[in-house]
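# Fold and contact review
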Amino acid sequence: MKKLVLIIVACITMFSCKDKDNHWELTLNVKVDLGMSNLSGVEVKLQGKKLSSGVYSDVWTDITSTSTDGSGNANLHFERDNYAALQLEVIRSQYFTEIVTLSPDDFQVGEVLQRQTIMTPMSSVLVYLKTTDASASIDLQVFSSHPQCNCDDMGVFHVDGLEELSKTCYAPGGRYLKYQIDSNGPSGPLQYFDSLYIEPFVQNTLDYIY
């Protein structure tokens, strides 16, 4: 009877180790870039690209997903496979989506891989320009070094000859957006630089009428 118990314990231990050896685990902590507080309710999706029979698939496939808890932590436990690349897609409403790149080589059996990412509040900017004289013109250009701002990617906003323009772009909330205006009309040319504070989670208006 004693031998039988030892055999059962040994078998349980063997299978437990085998199961453990066949899995990887990671923990992601998510914070808000304004104040660096922990962010709960964030969807975290683990995606991978596989090598199958020596053939590389360049398509991201969902492996598993979870959400961050009250401490901003998300834990993912998944089966090892022939992954050539791994990434985390971090999603929450009213925030810019973040991508966390992972390497399969970073994972060690029996250890929890720890990563952290910061999410930025999403805001929109309504650019409105209008000329009230047929000889007038306005050029407005936005400057931003933030990778998630696309207002500067839209080039120069331009109107002339009794035109009006209304376009929406996206910018990170809680910081200032710099811009330059070059206008011309009956009063002559005018150039000035200014900035607009971007309120988080809402639409902000950048307007100029000449």
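Preceding block: the structure.
Residues numbered from 1 in each chain as written. Predicted model: local features only at pLDDT ≥ 70, side-chain atom pairs only at ≥ 80, totals over all residues. Heavy atoms only, no water.

This brings us to the packing of aromatic side chains. This structure, assessed with the given rule, holds 8 aromatic pairs. Centre to centre, the rings of tyrosine 192 and tyrosine 208 are 6.0 Å apart; their planes meet at 55 degrees, and the pair counts as tilted. Here tyrosine 208 lies in strand β15 (residues 203–209) and tyrosine 192 lies in strand β14 (residues 190–198), a separation of 16 residues in the sequence. Residue classification places tyrosine 192 among the partly exposed residues on the basis of a relative accessible area of 26%. Taken together, the ring pairs connect Trp24, Phe78, Tyr83 and Phe107 into an aromatic cluster. (Phe/Tyr/Trp six-rings, centres within 6.5 Å; stacked < 30°, edge-to-face > 60°. Helix = DSSP H or I, 4+ residues; strand = E, 2+ residues; numbered from the N terminus. Buried < 20%, exposed > 50% of the residue type's maximum accessible area, 1.4 Å probe, protein only.)

What follows is about the state of the cysteines. A complete count under the given rule lists 1 disulfide for this structure. Cysteine 149 takes part in no disulfide bond, and the closest cysteine sulfur, belonging to cysteine 151, lies 4.1 Å away. (Disulfide = S-S within 2.5 Å.)

Relative to β14, strand β13 (residues 175–184) runs antiparallel, the two sharing 9 bridges. What sits directly across from glutamine 180, in β14, is phenylalanine 193. Linkage of β13 to β14, two consecutive antiparallel strands, is achieved through a turn of 5 residues, within which glycine 188 is found at a positive phi near 95 degrees. (Pairing = 2+ DSSP bridges.)

Once that is clear, we can look at unusual backbone geometry. With phi around 60 degrees, leucine 162 is a residue other than glycine that occupies positive phi space. In this fold, leucine 162 is placed in the loop between β11 (157–160) and β12 (164–172). Given a relative accessible area of 55%, leucine 162 falls into the exposed group. Its identity is not glycine, yet phenylalanine 201 carries a phi of approximately 70 degrees, on the positive side. You can see phenylalanine 201 is positioned in the loop between β14 and β15.

Let us now look at the environment of threonine 117. Within the secondary structure, threonine 117 is located in strand β8 (residues 112–119). Sequence-wise, threonine 117 and glutamate 25 are 92 residues apart; in three dimensions their C-alpha atoms are separated by 17 Å.

With respect to the element layout, glycine 174 can be found in the loop between β12 and β13. It is 8.9 Å that separates the C-alpha atoms of glycine 174 and serine 123, two residues lying 51 residues apart in sequence. The residues contacting glycine 174, other than those within four sequence positions of it, are Leu34, Tyr197, Ile198 and Pro200. (Contact = heavy atoms within 4.5 Å.)

With respect to topology, 3 strands assemble into an open sheet ordered β12-β9-β15, the strand pairing being mixed. Taken across any chain shown, the strands that pair with only one partner, and hence form the sheet edges, are β12 and β15. Strand after strand, the sheet turns through a mean of 20 degrees between neighbouring axes, direction not considered. One ladder, built from 9 bridges, connects strand β9 (residues 122–130) with β12; its direction is antiparallel. When the bridges of β12 are listed, lysine 130 appears paired with glutamate 164. (Axes fitted to C-alpha atoms, helices over the stretch in contact; angles between N-to-C directions.)

A separate point is the pattern of salt bridges. Once the charged atoms of two side chains with opposite charge are near each other, the side chains can pair. Using the criterion set out here, one finds 5 salt bridges in the structure. Between aspartate 33 and arginine 175 there is a salt bridge; the shortest N-O distance is 2.8 Å. Of this pair, aspartate 33 sits in the loop between β1 (23–32) and β2 (43–52) while arginine 175 sits in strand β13, placing them 142 residues apart in sequence. Note on arginine 175: relative accessible area 24%, which makes it partly exposed. With a shortest N-O distance of 2.6 Å, aspartate 58 and lysine 49 are connected by a salt bridge. On the accessibility criterion, aspartate 58 (56% relative accessible area) is exposed. Residue class for lysine 49 comes out buried when judged on its relative accessible area of 12%. (Salt bridge = Lys/Arg side-chain N within 4 Å of Asp/Glu carboxyl O.)

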